[in-house]
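Here are the chains, one letter per residue:
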Amino acid sequence: MNHKTLYLKYRPQTLSEVVGQEELVGVLENVVKKDSPAHAYLFCGGRGTGKTTTARAFAKALNIAQDDIIELDAASNNGVDEVRSLSESVNTLPYSSKYKMYILDEVHMFSKAASNAFLKTLEEPPAHVIFVLCTTDPEKLPDTILSRCIKFNLKSPNLEILQKFLKTVCEKEDVKVEKEAINLIALSGDGSYRDSLSNLQKVLSFTDEKFSEEFVSKILGIPATSAIFEYLKSLDGIIETTKGIEILMQLEKQSVDNVLFAKEVTYYARILLLFRHGLLKDQEVKNEYGEHIFEFLNSFKSNISPKINSMMLAKIIEAEIKSKNSSLPFLSYELLLM
């Protein structure tokens, strides 16, 4: 396998390569086609959703040379002096392009004074300047800046999108990773392409290993799917409550990531309900999640008095929220059993 950082290797270079942002890509491609860019765009989205990557791809589509793309991290350059320097530089014509693009990352980190100074530049920029402001927290931006930008919300990829994305990367890298293991890596990515690829890189760095679900679980500190389903069986009444408590105590002793545990419980409880109500067919489960998951789900069919229903799923979601800030993160899941 080529050990170049996977995130850099598979970062989209063109708008057509951007995954999961079809609406935004469609708009930007139309702007490129008409050669009619606005003077300011605001890209909002969670960590690793591709804000700066999309901005760079947009610049490339507009034929903006690398020398005419200026990137600024507002988190570390958030003072008035930095903004004044930026304001002075916008008046310089592009070196070899029609436009000059400024990509400002984490722009909500500008100080109040810096935001006020930047506003003057944003109101009346030179015709050759395009601003792309990127932020994970648009609520912190002043309305005066928000109102002067065309705003786009970049969607966090769901698990299915991340699974397919990681599967494609593994195929290109010519490495065999079990489907169940890819599911775990996608879950660990927490809606971020970058984090998912970083975790895949960590797993693949062990070149002599079989990339199984068990191995990935151990390396990334994620509870194995078998432990999640044993807990769900206890919650559903298939096995004793004490077994579920024992599983939770064991996971806590192993210092398993409680946030990922919570996500897995919610994720598989939902799949179980869909499967139980016939909304997921047998072959569909095998294709999408693997034989291993199908066998687990199938084992719930024998329960004639299931406890996991829509009301229980609502309680599971509530437990996930509560566990994030709790000093006893597994307590919410113990209470579900009692």
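For the structure, check the block above.
Draft legend 1. Seen up close, the overall build of the chain. When you go through the chain residue by residue, the secondary structure sums to 17 helices and five strands. Each principal axis of the C-alpha distribution contributes one length, and for the chain these read about 70 × 40 × 35 Å. Residues counted as buried form 51% of the 338 residues belonging to the chain. Of the contacts formed within the chain by residues at least 6 apart in sequence, a portion of 78% connects residues at least 24 apart. Surface accessibility of the chain: about 16,900 Å² in total, with carbon and sulfur atoms responsible for 50%.

Draft legend 2. Broad picture of the side chain of Ser234. Relative to the elements of secondary structure, Ser234 occurs in helix α11 (residues 225-236). Judged by relative accessible area, Ser234 falls into the buried class, the value being 4%. A polar side-chain atom of Ser234 sits 3.0 Å from the main-chain carbonyl oxygen of Glu240.

Draft legend 3. Seen up close, the packing of α11 against helix α12 (residues 241-253). Following both chains from N to C, one finds α11 and α12 inclined at 145°, their axes separated by 8 Å at the closest point. In the packing of α11 onto α12, the handedness of the crossing is left-handed. Of α12, the residues touching α11 (which contributes Ala227, Glu230, Tyr231 and Ser234) are Thr241, Lys243, Gly244, Ile247, Leu248 and Leu251.

Draft legend 4. Inspection of α12 at higher detail. With 13 residues, α12 extends 19 Å from end C-alpha to end C-alpha; this agrees with the ideal 18 Å at 1.5 Å per step. Burial in α12 covers these residues: Gly244, Ile245, Ile247, Leu248 and Leu251. Down the axis, α12 shows its buried residues gathered within 155° of arc, on one side only. Away from its buried face by more than 90 degrees, α12 exposes Met249 and Lys253. In the core, the buried residues of α12 are packed alongside α11, α13 (258-276) and α17 (331-337).

Draft legend 5. Expanded view of the packing of aromatic side chains. This structure, assessed with the given rule, holds 18 aromatic pairs. Summarising the aromatic geometry, the rings of Phe211 and Phe215 are spaced 6.3 Å apart at their centres and angled 50° between planes, so their arrangement reads as tilted. Judged by relative accessible area, Phe215 falls into the buried class, the value being 10%. Taking 5.2 Å as the distance between ring centres and 55° as the angle between the ring planes, the aromatic pair formed by Phe229 and Tyr268 counts as tilted. One end of the pair, Phe229, is in helix α11; the other, Tyr268, is in helix α13, and 39 residues separate them in sequence. An identical accessibility class is assigned to Phe229 and Tyr268; each is buried. Three or more aromatic residues joined by ring pairs make a cluster, and in this case those are Phe229, Tyr267, Tyr268, Phe296 and Phe300. Over the aromatic face of Tyr7 sits the side chain of Arg194, whose NZ or CZ is 5.7 Å from the ring centroid. Over the ring of Phe294 we find Lys286, and its NZ or CZ is 4.6 Å from the ring centre.

Draft legend 6. Layout of the packing of α11 against helix α15 (residues 291-298). Where α11 contacts α15, the axes come no closer than 11 Å and their chain directions differ by 10°. As far as their axial angle goes, α15 and α11 are roughly parallel. Handedness of the crossing formed by α11 with α15: right-handed. Residue-level inspection shows Thr225, Ser226 and Phe229 of α11 in contact with α15, the latter providing Ile293, Phe296 and Leu297. Of the residues contributing to the contact of α11 with α15, the split by class is four nonpolar, two polar and no charged.

Draft legend 7. A look at helix α5 (residues 112-123). Taking 1.5 Å per residue as the helical rise, α5 with its twelve residues ought to reach 16 Å, and the 16 Å between its terminal C-alpha atoms agrees with that figure. Where α5 is concerned, the buried positions are Ala114, Ser115, Ala117, Phe118, Leu119, Thr121 and Leu122. Close packing links the buried residues of α5 with β1 (40-44), α4 (80-89), β3 (100-105), β4 (129-135) and α6 (143-146).

Rules of the game
- Residues numbered from 1 in each chain as written.
- Predicted model: local features only at pLDDT ≥ 70, side-chain atom pairs only at ≥ 80, totals over all residues.
- Heavy atoms only, no water.
- Helix = DSSP H or I, 4+ residues; strand = E, 2+ residues; numbered from the N terminus.
- Buried < 20%, exposed > 50% of the residue type's maximum accessible area, 1.4 Å probe, protein only.
- Contact = heavy atoms within 4.5 Å.
- Areas by Shrake-Rupley, 256 points an atom, 1.4 Å probe, with all protein chains shown as cover.
- Polar contact = N/O pair within 3.5 Å; in protein donor to acceptor, adjacent residues only side chain to side chain.
- Axes fitted to C-alpha atoms, helices over the stretch in contact; angles between N-to-C directions.
- Left-handed = near helix turned anticlockwise from the far one by under 90°.
- Expected span 1.5 Å × (residues − 1).
- Arc of directions from axis to C-beta.
- Phe/Tyr/Trp six-rings, centres within 6.5 Å; stacked < 30°, edge-to-face > 60°.
- Lys NZ or Arg CZ within 6 Å of the ring centre and 35° of its normal.
- Parallel < 35°, antiparallel > 145°, perpendicular 65-115°, else oblique.
- Nonpolar A, V, L, I, M, F, W, Y, C, P; charged D, E, K, R; others polar.

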